[in-house]
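# Overview (structure and organization)
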Amino acid sequence: MTIISVEDLTKRYGDRTVLDGVSFSVRQGEIFGLLGPNGAGKTTTVECLEGMRTPDAGTVRVLGLDPARQTRRLRRSVGIQLQESQLQDALRVGEALELYASFHPRPRDTGELLEQWGLAGQRRTRFGRLSGGQKQRLFIALALVGDPEVVFLDELTTGLDPQGRRETWDLVRDVRDSGVTVVLVSHLMDEVTALCDRAAVLDGGRIVAEGTPADLVAATGTPVTVSFRPTAPLDLDLLAALPSVERVVSTGGTVEVSGAGPVVDEVTATLARGGIVVAGLRIRERTLDDAYVRITGGDA
Amino acid sequence: MTTADRTANPATGRTADRTANPATDRPAARTADPAADRAAVTGRALRRLTLTEGRLFLRDPAAAFFSLLFPVLLLVILGSVPGFRKHTAALHGLSTIEAYAPILVVFSLAILGMNGLVPTLTAYRERGVLRRLSASPVPAASMLTALVTVYLAVAVVSLGLVVAVGRLAFGIPLPREPLGLLVSFVLAASSLFGVGLLVAAVVPSAKAGNAVGMALFFPLMFFSGLWVPRALMPSVLRHIGDFIPSGAATQAVADSWTGHWPGGGDLATMAVFTLVAGFLAAKLFRWR
């Protein structure tokens, strides 16, 4: 079931076209990623879905509502975590959550949310004294306190340490597993790979790829790279001639061979036949990271 | 739904009824909230926001001290000087502290408007507090309502302290025209808070908000007579003060205190400032 649909969304700031005919859809109960380099239009897109901005053209529907016109009604059923917003420094964590709970007809239990997001010990701590990670978790808890059907998370792991990021990912999966649709804005590939069921890649205000993280990787081809340092002279043309090899690059003594299919088998067989001993052999499967850099032309 | 129900699923932290059958329970839960229920939520939200801002106000010791306690403290200090309790012809038969009581009432309103509303709102905008609020089901304008309510309550308490301490400690008569005082006080608050909202609407940053608020507070208090009571001012300055909300407010409060209905000109000055500043503030206010 489609819960969010975006068709030909266009947004201009003055003469500058920020979104140029963006279309995608989000299904109920999935974690959908909006991926792209800074300035690609991710935040503007999500702000149009939240009713924080009015599109210049195109159709946006979230839970069947038009965010620009039925904003208040929509806000009762969605949760929003914004990039770069703060709370009052003297406001305590528990008070912030109680305050935002009072805005919703059927809020979540605040004590339970604090427990879940690791803030139970900070209930009486003032916002100004929280660490970056604690602030971030509080903002996610605020987005969830209204028991939303859709939650928008914009750069959710900003300020979290690696451990905190992984814990946050687990919690976001729990949120999805409880039936909430999650729209995640991120410029971090590992986050999208780890979390998203599907993602769209935005670049220069257009969707340049859409699908599961695996689809996105596959769409860009050349999934495997073998790199090594030959200890004896090596004829690179020999490797380039192999059937599944697409590209051979030699830089500073390191040879990098990339291609699809049995690249690894062919390369190692060739090296063995030539009696060439290699050092520092590494085999790397392409990740979304590589796919992303290729898709967006390397501005990441 | 009971508390036990809501905590029934610790694994996901979500309520048991939802996880049991999300497809049917979700829409049912939404449609069970008619318009009346939404109005109740809005009322509850505004009460909670006002309460929260009230607490935050009291957690800022400087703001709480200067608007709540400083006026009555100044009254006590002035009242401790024996000469200031004597009635003088220069002050139209009032004692110095009797002449100062209305100024101290206006002091609270002016400091709340210029050094309260302005820096608070500009900081809230700069830090994204207003933006975060506008992303909730509650309109960001609720913050203005909450802050004005809190500040009005603070000013009323401060007024009460000045009246009570003045009466009990120094024998200042109670205001003789209470209805006039009420009208003057409400217009004084609306005009000074209106100017505060307008300044908050147009200044670009919290830093500028602080500076402009301060820069306006001192002249406002000058024309209300904090340094030279209005009765002792050169007539040119007093006439300028008639067209400034703090000057008009002080005169109107003073008249009501001594048993006269406040002058139409003073009430008009405050009404015009309220309407013009309020209108412009509403037009120009930026939430982000």
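Residues numbered from 1 in each chain as written. Chains lettered and ligands numbered in written order. Predicted model: local features only at pLDDT ≥ 70, side-chain atom pairs only at ≥ 80, totals over all residues. Heavy atoms only, no water.

### Remarks on the packing of aromatic side chains
Residues and elements named next belong to chain B. Going through the model one piece at a time under the given rule, you end up with 14 aromatic pairs over all chains. Relative to Trp227, the ring of Phe218 lies with its centre 6.2 Å away and its plane at 40°, an arrangement referred to as tilted. Exposure remark for Trp227: the relative accessible area of 47% places this residue in the partly exposed category. Centroid distance Phe222 to Phe223: 5.3 Å. Interplanar angle 85°. Geometry classified as edge-to-face. Looking at Phe222, the relative accessible area reads 27%, which means it is partly exposed. Ring pairing ties together the aromatic residues Phe65, Phe66, Phe70, Phe107, Phe217, Phe218 and Trp227, which thus form one cluster. Across from the ring centre of Phe285, 5.3 Å away, lies the NZ or CZ of Arg125, which sits over that ring. (Phe/Tyr/Trp six-rings, centres within 6.5 Å; stacked < 30°, edge-to-face > 60°. Buried < 20%, exposed > 50% of the residue type's maximum accessible area, 1.4 Å probe, protein only. Lys NZ or Arg CZ within 6 Å of the ring centre and 35° of its normal.)

### What about the layout of surface pockets?
Any empty space left between the atoms is revealed when a probe the size of a water molecule rolls over them. Residue and element names in this part refer to chain B. Looking at the largest pocket, its volume works out to about 720 Å³. Around the largest pocket, the lining is made up of 29 residues, and of these Asp60, Ala63, Asn115, Pro119 and Thr120 lie nearest the centre. Counting residues per element, the ones that place at least two in the lining of the largest pocket are α4 (35–58), α5 (61–79), α6 (96–127), α8 (141–170) and α10 (206–224). If you tally residues by element for the lining of the largest pocket, the top one is α6, at 10 residues. Here the lining of the largest pocket is composed, by residue class, of 18 nonpolar, six polar and five charged. (1 Å grid on protein atoms, 1.4 Å probe; cavity = no way out; pocket = protein on both sides within 12 Å on 5 of 7 lines; lining within 4 Å. Points joined across faces, edges and corners; volume = space filled by probe spheres on them. Helix = DSSP H or I, 4+ residues; strand = E, 2+ residues; numbered from the N terminus. Nonpolar A, V, L, I, M, F, W, Y, C, P; charged D, E, K, R; others polar.)

### Re the domain arrangement of chain A
All names here are of chain A. Along its sequence, chain A is organised into domain 1 (2–214) and domain 2 (220–295). The C-alpha-based centres of domain 1 and domain 2 are spaced at 40 Å. Residue-level contacts link 10 residues of domain 1 with four residues of domain 2. Between domain 1 and domain 2, a total of about 620 Å² is buried, with carbon and sulfur atoms accounting for 78% of that surface. At the boundary of domain 1 with domain 2, the tally comes to zero salt bridges. (Domains from an automatic or database assignment. Contact = heavy atoms within 4.5 Å. Buried area = accessible area lost by both parts, 1.4 Å probe. Salt bridge = Lys/Arg side-chain N within 4 Å of Asp/Glu carboxyl O.)

### Quick word on the UniProt feature "domain: ABC transmembrane type-2" (unreviewed entry) in chain B
The sites that UniProt annotates as "domain: ABC transmembrane type-2" (unreviewed entry) are residues 62–288 of chain B. Secondary structure across residues 62–288 of chain B divides into 76% helix and 0% strand, with the first and last C-alpha atoms of the span separated by 27 Å. (UniProt positions renumbered as here; feature names shortened; annotations may be inferred.)

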